[in-house]
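# Structural overview for review
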Amino acid sequence: MLRNLYEWYRIVTAKPDDETIRHRQASIPELVDRLVCAESFDLLVGCTAAASNGLNDRNAQPASLVPTLVEIIRKHQPAFPQDLSENALDLRACCAVALGEMLIRPDAEKKKEPVLVASLLLSANSLRPVPSERYLKVVLDGLLTLASELLERAALLRRNGATLPVDRLSKLEAAADVAAFQQQVVPAILDCFNELQRRAITDREERELLWWLYAGSSSIIRKRVSVLKPAVAAVCCGGELANIAIQPPLASIRHMVYRAVEEGRKAKDLAERSVEDMVPDWDENVLRVLAPGESRIESLISAHPSLLPLSWLCKRLSDSQVGSGWKEEFELKTGFSPTEKRPTADWAAQVFHERSAQRLLAD
Amino acid sequence: MGNDDAAVVMRARYTHLITVLGCYNAGKTCFLNSLYLLASSNGLLPDYRFAGSLTLPGFENRARLLRKWPDGPLPPSLADHTALSDPRSPAFLHLALQSGPQYKRQFDLLFTDLPGEWTEALIRRASDAERFRFVCRADGIIVVIDGQAIISEQRHAEAHRTRLLLDRLAGNLEVDRDIPLVLLISKSDLLPDPRPDELSALRDYASGLGFSPELVFCAAFSSRYAEMPHGTGVKEVIGKVLLRPAQRRPVGDHFGSRGASRFHQFRWQL
């Protein structure tokens, strides 16, 4: 974001000069406005993918992303190069700063675009190894911290409403006629009922999550989670809890996912495993958790595999009936190694992140 | 390449900036020459494979005297004194290396190539720190300590200069202490066994300033080739700077904690 522009821009240049900083300070707000006002989410999602994973062959960025970025920068710095082979990291830095700026704008937690961006950032980067490039790590760490904080604020906002405006009803005064009385009482009653409805939804979320945990049973596979193979349990726990939760979810719901996956398990079930280890245990029911067939979600998955890697994999396996060649394609498209091992709970949390991002997009 | 050319490289892809500091005749250029010659002749295999350089003429120019060396005893001078085309700005040498399984991973490295006078000016005057501001963006810092001086009558002066230099990095430039710092002892073929105590004292001094220094004994070009081949320590320096153990993020929120306390917070948060 702009207040960290100098520090974040150091991935691009050893000593950012005043003129360059001024150019970017002028360009970034315009980029943010363009992202927020875009008619579709393509530009916004493309920018998120660019910030997370860079502008390279793996990320099929929208055709308009790079020209839009270059156009905005060139308004203030005409000599900025156009070719991606000359400016890829610079553009990535601009995307990161713009997204950071979006995430800290006032009332960001009340708006759909920043919340979606935050969710996608977590989905794209939580499982990815920390970059060894020192200053890139600084930028990504900063973005992820902002994303987590924003998601938590947004989650609390969705769940903590206003005080029930009962006082307004008790303070209603006698009106001259029915119409005047209606003008007073209807808004007050509506506000009360809206608040009651919001609380009912919040209470139902809590009830359904706790019942799901208490039952310890997958509604997809219709078996107790503790008897499922760990690879299946990871997807079911992450996906089903994400489906129950109001979006965006509270951070503590993520810990319910950990609890659900780990409860009643032997140590060997919780051992680290890779995607390559897990795929043989996934049937069509499991794949559908992250590849539900909704067109908007499917087009996001296909366009940006690096943002939703497990979703991409589930779709790929489902479409090809688990054909061969998926490992190489998985690594090429998502940047994840199919042989990298992580604890089962980490995979479940990743499924939770991805399904949450899918639901935010679909809403 | 100068600042502007370096910026062109850095704008395109992540580039590791390695700052090489050291007094006049410490062995900075010999280290860089040795690195280049090793890299370009597959001397860094199997860990690193040479993937080119955007400053080949620069490297070849610096290796000029070495190309003329007819074998036998080391000549008194193996490299020309470094001079900058713009005395106010640092110059950089570029090297691209590939590593990892099937050499898929590429590192672009920019090494500073500064005259010794720059370092000496920084040591003498804290006000000179400003032109070293680029060090705050370094991915690694190599402080070259003249191994020949450290065993001579000038050893106390050499040690004192090194301590002052470390003070400048820590105090005036406020370099991030996490940046890998290598204390490269040049001309190690001339050092006796055991190594002089001053060296471990310097490492301890750097540790006291908050750095995690690595001491590397280097013989870019060795007078005792049989016991200590040319290029000893060069690959080790690259490894110390580039190779960091792969780290995982905790999958979950960035508030870090897992377990019962976060689980129970569900109700308390509302």
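Residues numbered from 1 in each chain as written. Chains lettered and ligands numbered in written order. Predicted model: local features only at pLDDT ≥ 70, side-chain atom pairs only at ≥ 80, totals over all residues. Heavy atoms only, no water.

## Remarks on the overall build of chain B
The following threshold applies: Comment: elements are numbered from the N terminus, with helices defined as DSSP H or I runs of at least four residues and strands as E runs of at least two. In this scheme, a residue with accessible area under 20% of its type's maximum is buried, one over 50% is exposed, and one in between is partly exposed, where area comes from a 1.4 Å probe on protein chains only. Residue-level accessible areas treat just the shown protein chains as cover; the underlying method is Shrake-Rupley with a 1.4 Å probe.
Counting secondary structure elements, chain B contains ten helices and seven strands. A total of 270 residues make up chain B; the buried ones form 52% of that total. Just so you have it, chain B exposes about 12200 Å², and 51% of that area is on carbon and sulfur atoms.

## Concerning the overall build of chain A
Formally: The contact criterion used is simple: two residues touch if any of their non-hydrogen atoms lie within 4.5 Å.
Within chain A, the regular secondary structure consists of 17 helices and two strands. Overall size of chain A, expressed as C-alpha extent along the three principal axes, is 70 × 55 × 30 Å. Expressed as a percentage of contacts within chain A between residues at least 6 apart in sequence, the contacts between residues at least 24 apart total 73%. Accessible surface, chain A: about 15200 Å² in total, of which carbon and sulfur atoms supply 52%.

## A few points about the pattern of salt bridges
As a reminder, the rule being used: For this document, the term salt bridge refers to a Lys or Arg side-chain nitrogen within 4 Å of an Asp or Glu carboxyl oxygen.
Tallying each qualifying case throughout the model produces 36 salt bridges over all chains. Between A:Glu195 and A:Arg198 there is a salt bridge whose closest N-O contact spans 2.8 Å. Placement of the pair is A:Glu195 and A:Arg198 together in helix H9 (residues 178–215), with a separation of three residues, close to one helical turn. Note on A:Glu195: relative accessible area 8%, which makes it buried. Across the pair B:Lys187 and B:Asp146 runs a salt bridge, and its minimum N-O distance is 3.2 Å.

## Comments concerning the packing of helix H10 (residues 230–244) of chain A against helix H17 (residues 344–362) of chain A
Residues and elements named next belong to chain A. Quick note on the threshold: Only C-alpha atoms enter the line fits that serve as axes; for helices the fit covers just the stretch in contact. Angles between N-to-C directions range over 0 to 180 degrees. Here is the rule for handedness: rotate from the far helix to the near one, and if that takes an anticlockwise turn smaller than a right angle the crossing is left-handed, while a clockwise turn gives right-handed. As a working rule, the residues Ala, Val, Leu, Ile, Met, Phe, Trp, Tyr, Cys and Pro are called nonpolar, Asp, Glu, Lys and Arg charged, and the rest polar, with Gly in that last group.
At a closest axis distance of 8 Å, the pairing of H10 and H17 adopts a crossing angle of 35 degrees. Crossing geometry of H10 relative to H17 is assigned as right-handed. Along its contact with H10, which presents Pro230, Ala234, Val235, Gly238, Gly239, Leu241, Ala242, Asn243 and Ile244, the element H17 presents Thr344, Trp347, Ala348, Val351, Phe352, Arg355, Ser356 and Arg359. Of the residues in the contact of H10 with H17, the class split is ten nonpolar, five polar and two charged.

## Some points on the interface of chain A and chain B
Put simply, the rule reads: The quantity reported as buried area is the accessible area (1.4 Å probe) lost by two parts once they are put together, taken as the sum for both. N or O atoms within 3.5 Å of each other form a polar contact, as long as, within protein, one can give a hydrogen and the other can take it, and as long as residues adjacent in sequence are counted only when both atoms are side-chain atoms.
On the side of chain B, 40 residues touch chain A, which itself brings 61 residues to the contact. Between chain A and chain B the total buried area reaches about 4400 Å² when both faces are included, carbon and sulfur atoms providing 54% of it. Close ionic contact of B:Asp176 with A:Arg134 constitutes a salt bridge, the shortest N to O distance being 3.0 Å. For the interface between chain A and chain B, the tally reads twelve residue pairs in polar contact (both at pLDDT 80 or more). The set of elements that each furnish at least two residues to the side of chain A that touches chain B consists of helix H5 (84–104), helix H6 (112–125), helix H7 (134–159), H9, helix H11 (251–262) and H17 of chain A. Residue contributions to the side of chain A that touches chain B peak at twelve residues, all from H7(A). Residue classes in the side of chain A that touches chain B are distributed as 27 nonpolar, 13 polar and 21 charged.

## Observations regarding the sheet that holds strand E2 (residues 49–50) of chain B
Think of a sheet as strands paired side by side through backbone hydrogen bonds, with each pair either parallel or antiparallel. Residues and elements named next belong to chain B. As a reminder, the rule being used: Pairs of strands are assigned from DSSP output, requiring at least two bridges between the strands.
Taken in spatial order, the seven strands line up as E2-E3-E4-E1-E5-E6-E7 in an open sheet, and their pairing is mixed. Edge positions in the sheet fall to E2 and strand E7 (213–217), since each of these pairs with one other strand and no more. The sheet contacts of helix H1 (residues 3–12) involve strand E1 (15–21), strand E3 (92–99) and strand E4 (105–112), and relative to E3 the element is tilted by about 25 degrees.

## Looking at the packing of H11(A) against H17(A)
Residues and elements named next belong to chain A. This is how it is decided: Throughout, the term roughly parallel applies to angles under 35 degrees, roughly antiparallel to angles over 145, roughly perpendicular to angles from 65 to 115, and oblique to all others.
Where H11 contacts H17, the axes come no closer than 9 Å and their chain directions differ by 140 degrees. Judged by the inter-axis angle, H11 sits oblique to H17. Relative to H17, the crossing made by H11 is right-handed. Counted together, Ile253, Arg254, Val257, Tyr258, Val261 and Glu262 of H11 and Thr344, Ala345, Ala348, Ala349, Phe352 and His353 of H17 form the full contact between these two elements. Along the lines of polarity and charge, the residues of the contact of H11 with H17 split into eight nonpolar, two polar and two charged.

## Remarks on H10(A)
As a reminder of what qualifies: Expected helix span is given by 1.5 Å per residue-to-residue step, counting one fewer step than there are residues.
Relative to the 21 Å expected for 15 residues at 1.5 Å per residue, H10(A) spans 21 Å between its end C-alpha atoms, a close match to the ideal helical length. Burial analysis of H10(A) places 13 of its 15 residues in the buried class, which makes it a mostly covered element.

## Some details on the nonpolar core
Put simply, the rule is: As used here, the term nonpolar core means buried Ala, Val, Leu, Ile, Met, Phe, Trp, Tyr and Cys residues forming a set that is joined through side-chain atoms within 4.5 Å.
Core analysis: the biggest nonpolar cluster contains 150 residues, and A:Trp282, B:Ile141 and B:Leu169 have the highest contact counts within it. Membership of the second largest hydrophobic core comes to 29 residues, among which are B:Ile18, B:Ala26, B:Phe59 and B:Cys218.

## Brief notes about helix H8 (residues 197–208) of chain B
All names here are of chain B. To keep things clear, this is the line we draw: The arc in question is the one traced by the directions running from the helix axis out to the C-beta atoms.
With twelve residues, H8 ought to run about 16 Å at 1.5 Å a step, and its terminal C-alpha atoms sit 17 Å apart, in line with that. Every buried residue of H8 is listed here: Glu198, Leu199, Leu202 and Ala206. Projected down its long axis, H8 carries its buried residues within an arc of 105 degrees, all on one side. Facing away from the buried side of H8 by more than 90 degrees, the exposed set consists of Asp197 and Gly208. Packing partners of the buried residues in H8 comprise strand E5 (140–146), helix H6 (147–150), helix H7 (155–172), strand E6 (181–186) and E7.

## Description of unusual backbone geometry
Working note: non-glycine residues mostly have negative phi, and peptide bonds are mostly trans. Of note, the bond from A:Gln247 into A:Pro248 is cis; its omega dihedral lies within 30 degrees of zero at -5 degrees. Omega for the bond connecting B:Leu45 with B:Pro46 falls within 30 degrees of zero, at 0 degrees, which places this linkage in the cis form. Within the secondary structure layout, B:Pro46 lies in the loop between helix H2 (28–40) and E2. For A:Asp107, which is not glycine, the phi torsion reads 60 degrees and is therefore positive.

## Quick word on the environment of A:Val279
Within the secondary structure, A:Val279 is located in the loop between helix H12 (275–278) and helix H13 (284–290). The spacing of A:Val279 and A:Asn160 is 119 residues in sequence and 40 Å in space, taken between C-alpha atoms.

## A word on the packing of aromatic side chains
Cut-off, in case you're wondering: In summary, the pairing rule links any two rings of Phe, Tyr or Trp, Trp by its six-membered ring, whose centres are within 6.5 Å, and it sorts them by plane angle into stacked for under 30 degrees, edge-to-face for over 60 and tilted for everything else.
Scanning all chains against the criterion turns up six aromatic pairs over all chains. Aromatic side chains A:Trp211 and A:Tyr214 sit 5.6 Å apart centroid to centroid with 80 degrees between the ring planes, which places their arrangement in the edge-to-face category. Note that A:Trp211 and A:Tyr214 are positioned in helix H9 at a spacing of three residues, about one turn of the helix. No difference in accessibility class separates A:Trp211 from A:Tyr214, as the two residues are exposed. Consider the rings of B:Tyr36 and B:Phe59, whose centres lie 4.6 Å apart with planes at 5 degrees: the pair is stacked.

## Some details on the side chain of B:Glu198
Residue and element names in this part refer to chain B. With respect to the element layout, Glu198 can be found in helix H8. At 3.5 Å, the side chain of Glu198 and the side chain of Arg155 are in polar contact. For Glu198, the residues in contact, after removing those within four places along its chain, are Ile150, Arg155 and His156.

## Quick look at the pairing of E4(B)
Residues and elements named next belong to chain B. Within E4, six of the eight residues are buried, which leaves the element mostly enclosed by the surrounding structure. Two strands pair when backbone bridges link them, and E3 and E4 are joined in this way by eight bridges, in the antiparallel orientation. Looking at E4, one finds that Ser99 is bridged to Arg105. Between E3 and E4, which follow one another and run antiparallel, lie five residues, and Gly100 among them has a positive phi close to 85 degrees.

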